[in-house]
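Overview (structure and organization)
Here's the letter readout for the chains.
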Amino acid sequence: MAREVVYVKAARRRLGGVLNAVTGLSLGVVLILALSGGHLHVPSSLDHAPARAHTSTSTTAVRLPAAVPAADVTKAIGYAKAHLGKPYVWGGPTQPGTSYGFDCSGLTQAAWAAAGVSIERTSQQQWGSLRHITRTELKPGDLVFYHGYLDPATGEKPPGHVALYIGHGLMAEAYGQGVPVRITALRTGAWGYARVTT
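Residues numbered from 1 in each chain as written. Predicted model: local features only at pLDDT ≥ 70, side-chain atom pairs only at ≥ 80, totals over all residues. Heavy atoms only, no water.

Moving on, we come to the pairing of strand β8 (residues 192-195). Walk down a regular strand and you will see the side chains alternate between the two sheet faces. Here β8 shows a buried face lined by G192 and A194 and a second buried face lined by Y193 and R195. Summarising the sheet, strand β4 (residues 143-146) and β8 pair through three bridges and their orientation is antiparallel. What sits directly across from V144, in β8, is Y193. (Buried < 20%, exposed > 50% of the residue type's maximum accessible area, 1.4 Å probe, protein only. Helix = DSSP H or I, 4+ residues; strand = E, 2+ residues; numbered from the N terminus. Pairing = 2+ DSSP bridges.)

What follows is the structure, encoded as C-alpha cells:
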C-alpha cells in the first residue's frame with residue numbers, strides 16, 4: 001500500500017491536474033501512469049490486477065465520426081466561392097424556380113453536396129445533426145451558426161442562420177434578403193460551431 005502512495009505522490013507532481021481527472025473516475029480500479037524517461041508505464045505492483053468479471057461476453061464496436069478529407073473541404077469552399085454574388089432567395093436552391101439563388105442553409109448544403117457529402121437542409125437541422133465544436137477548434141469547412149431571423153408566427157427555434165467557414169477569420173454566407181452571397185469576417189455572438197463528418 002505504501003508503494004502505491006509513493007506512485008500517487010510522484011504522479012501528482014509530474015502530471016498535475018491530469019491525475020485529478022483520472023482519479024475522479026469511479027470504475028473500481030484506477031491505473032496510475034507515471035512518466036519516466038519519456039515513456040508511459042504502469043507501476044509493476046499494478047501490472048497483475050485481477051480481471052473484472054463481465055456480465056456479457058459480446059462487445060459492440062463504436063464507430064467514431066471520421067474527418068472529411070481535405071480535398072472535399074476544398075471542393076465545398078470552392079463551390080461557395082464560385083457562387084459569390086448570387087442573390088439571396090429564401091428556400092433556394094431547393095424550391096422550384098429558385099436554383100439561381102440560395103438561402104443560408106441552402107448554400108451550406110449545396111456546397112457540401114458538391115463535395116459529395118450530404119447534410120441536412122435547414123440551419124436547425126444542420127445544427128441538430130452535426131458534431132458541435134468550440135470556437136478554438138474551428139477549421140475551414142466547419143459551419144458557423146447565428147441566432148438569425150426567426151418567424152415568431154411559426155414558433156421557429158434558433159439557430160436561424162448558418163455560414164461556411166473558409167479560414168483566416170472569414171466565412172461564406174447567404175446572409176439575407178437583398179444581400180448576395182458574400183465572403184465576410186466572422187461576427188461576434190455566434191450561436192455555435194459544428195463540423196461536417198462522414
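In an α-helix there are 3.6 residues to a turn, and that puts residues three or four apart on one side. An ideal rise of 1.5 Å per residue puts 18 Å on 13 residues; helix α3 (residues 70-82) measures up with 18 Å between its terminal C-alpha atoms. Those residues of α3 lying buried are D72, V73, A76, I77 and A80. What you see down the axis of α3 is that its buried residues fit within an arc of 135 degrees, all on one side. Opposite the buried face of α3, at more than 90 degrees from it, the exposed residues are A70, T74 and A82. Buried positions along α3 lie against α4 (104-114), β5 (161-167) and β6 (170-173). (Expected span 1.5 Å × (residues − 1). Arc of directions from axis to C-beta. Contact = heavy atoms within 4.5 Å.)

Right, let's talk about the sheet that holds β4 for a bit. Across the sheet, six strands lie side by side as β3-β8-β4-β5-β6-β7; this open sheet has antiparallel pairing. Two strands bound the open sheet, and with one partner strand each, they are β3 (131-133) and β7 (182-185). Within the sheet, the average angular offset between the axes of one strand and its neighbour, ignoring direction, is 40 degrees. As paired strands, β6 and β7 are joined by four bridges and run antiparallel to one another. (Axes fitted to C-alpha atoms, helices over the stretch in contact; angles between N-to-C directions.)

This next bit is on α4. Counted residue by residue, α4 has nine buried out of eleven residues, so it is predominantly covered. Within α4 the residues assigned to the buried category are C104, S105, G106, L107, T108, Q109, A110, A111 and W112. Elements in contact with the buried residues of α4: α3, α5 (123-129), β4, β5 and β6. Note on α4: the residue one or two positions beyond its end, G116, has a positive phi of about 85 degrees.

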